[in-house]
Amino acid sequence: MMKYFRKKEKTNYTVIVGCGRLGASLANTLSDEGENVLIIDNNKDSFRKLSPSYGGLTLMGDATDIDMLHEAQVEKATTVVVVTNSDNTNIMVAQMTKAIFKKDHVIARLYDPEREFVYSELGINTISPAVLSVNEIRKLLSYKEEEAVI
Ligand code: AMP
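Structure report, in brief. Everything quoted here is computed from the prediction, not taken from an experiment.

1. Let's talk about the overall build of the chain
Of regular secondary structure, the chain possesses 5 helices and 6 strands. Mapped in sequence order, the helices and strands of the chain form the string β-α-β-β-α-β-α-β-α-β-α. For the chain, the C-alpha atoms occupy an extent of roughly 55 × 55 × 30 Å along the three principal directions. Within the chain, buried positions represent 36% of all 150 residues. On the chain, roughly 9800 Å² of surface is accessible, and the fraction owed to carbon and sulfur atoms is 54%. On the chain, the mean spot of the 18 positive side-chain charges and the mean spot of the 21 negative ones are 7 Å from each other.

Written as structure tokens, this is what we have:
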């Protein structure tokens with residue numbers, strides 16, 4: 001008997017700013033999961049990090065340029081993830097996304113965790129590699145301690 005599988009509806013549209021290691025990896029993952037993705041970078045070589053199976057869109061340009069964000073159709077995005085290598089760029093793009101495009105769901109990478117309060121005051125979710133790493137290392141340390149007790 002033939003089985004019919006309903007294809008996953010592509011309802012989410014995620015705009016990722018910065019096609020570095022993190023941005024490209026996220027874009028590949030979301031695209032493989034069947035999401036609509038568009039990734040922006042101002043360096044065309046960065047798009048080489050996308051996997052051959054990446055089924056989303058790419059847009060080359062400076063994401064601090066409002067025209068780029070219009071071209072990316074940020075107004076239609078479910079989520080905007082801002083992960084360039086500059087905290088200043090990330091905060092600027094995240095702010096523009098919130099203020100101009102009225103997007104609620106904005107996530108930004110922050111290298112300097114001490115600036116987190118600036119983002120939280122603006123209602124922007126942050127990911128800090130340093131904080132995440134500390135938490136993971138602490139978890140591994142506590143496993144070691146548990147092993148030592150047993
Ligand atoms: P990584 O440090 O590996 O996560 O890479 C960060 C990415 O952000 C690089 O591919 C940069 O080219 C990109 N990037 C930096 N500034 C901007 C910008 N203003 N607009 C778009 N992409 C940017």
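2. Description of the pattern of salt bridges
Here the structure, examined in full by the defined rule, presents 2 salt bridges. Here Arg 48 ties to Asp 45 by a salt bridge, and the two come within 3.3 Å at their closest N and O atoms. Arg 48 gets classed as exposed once you look at its relative accessible area, which sits at 68%.

3. Description of the sheet that holds strand E5 (residues 106-109)
Pairing within the open sheet is parallel, and its 6 strands lie in the order E3-E2-E1-E4-E5-E6. Looking along the sheet, the strands with just one partner apiece sit at the ends: strand E3 (57-60) and strand E6 (125-127). Each adjacent strand pair in this sheet contributes to an overall mean axis angle of 20°, direction not counted. Two strands pair when backbone bridges link them, and E5 and E6 are joined in this way by 3 bridges, in the parallel orientation.

4. What about the site of the ligand?
Of all residues adjacent to the ligand, which total 16 residues, the nearest are Asp 41, Ser 46, Asp 62, Ala 63 and Arg 109. Side-chain polar atom of Asn 42 to an oxygen atom of the ligand: 3.2 Å apart, as the coordinates give it. Taking 510 Å² as the accessible area of the ligand by itself, protein coverage stands at 87%. Grouping the amino acids of the shell around the ligand by side-chain chemistry returns 3 nonpolar, 9 polar and 4 charged.

5. So, unusual backbone geometry
Phi is positive for Gln 73, which is not a glycine, with a value near 55°. With respect to the helices, strands and loops of the structure, Gln 73 is situated in the loop between helix H2 (66-71) and strand E4 (79-82). Using a relative accessible area of 35% as the deciding quantity, one classes Gln 73 as partly exposed. Despite not being glycine, Lys 102 has its phi angle at roughly 55°, a positive value. The class of Lys 102 is exposed, set by a relative accessible area of 65%.

6. Looking at the side chain of Ser 128
Within the fold, Ser 128 resides in the loop between E6 and helix H5 (129-149). The residues touching Ser 128, leaving out its near neighbours within four places in the chain, are Leu 110, Tyr 111 and Pro 113.

7. Digging into helix H1 (residues 21-32)
Residues that lie three or four places apart on an α-helix share one face, since the helix turns once every 3.6 residues. Counted at 1.5 Å a residue, the expected span for H1 with its 12 residues is 16 Å, and the 16 Å between its end C-alpha atoms agrees. Listed in full, the buried residues belonging to H1 are Gly 23, Ala 24, Ala 27, Asn 28, Leu 30 and Ser 31. At its buried positions, H1 is contacted by strand E1 (13-17) and strand E2 (36-41). After H1 finishes, the residue Gly 34 shows a positive phi value of roughly 90°.

Quick notes on the rules
Residues numbered from 1 in each chain as written. Predicted model: local features only at pLDDT ≥ 70, side-chain atom pairs only at ≥ 80, totals over all residues. Heavy atoms only, no water. Helix = DSSP H or I, 4+ residues; strand = E, 2+ residues; numbered from the N terminus. Buried < 20%, exposed > 50% of the residue type's maximum accessible area, 1.4 Å probe, protein only. Areas by Shrake-Rupley, 256 points an atom, 1.4 Å probe, with all protein chains shown as cover. Lys, Arg positive; Asp, Glu negative; His and termini not counted. Charge placed at Lys NZ, Arg CZ, Asp CG, Glu CD. Salt bridge = Lys/Arg side-chain N within 4 Å of Asp/Glu carboxyl O. Pairing = 2+ DSSP bridges. Axes fitted to C-alpha atoms, helices over the stretch in contact; angles between N-to-C directions. Near = heavy atom within 4 Å. Polar contact = N/O pair within 3.5 Å; in protein donor to acceptor, adjacent residues only side chain to side chain. Nonpolar A, V, L, I, M, F, W, Y, C, P; charged D, E, K, R; others polar. Contact = heavy atoms within 4.5 Å. Expected span 1.5 Å × (residues − 1).

By themselves, these figures tell us nothing about what the structure is for.
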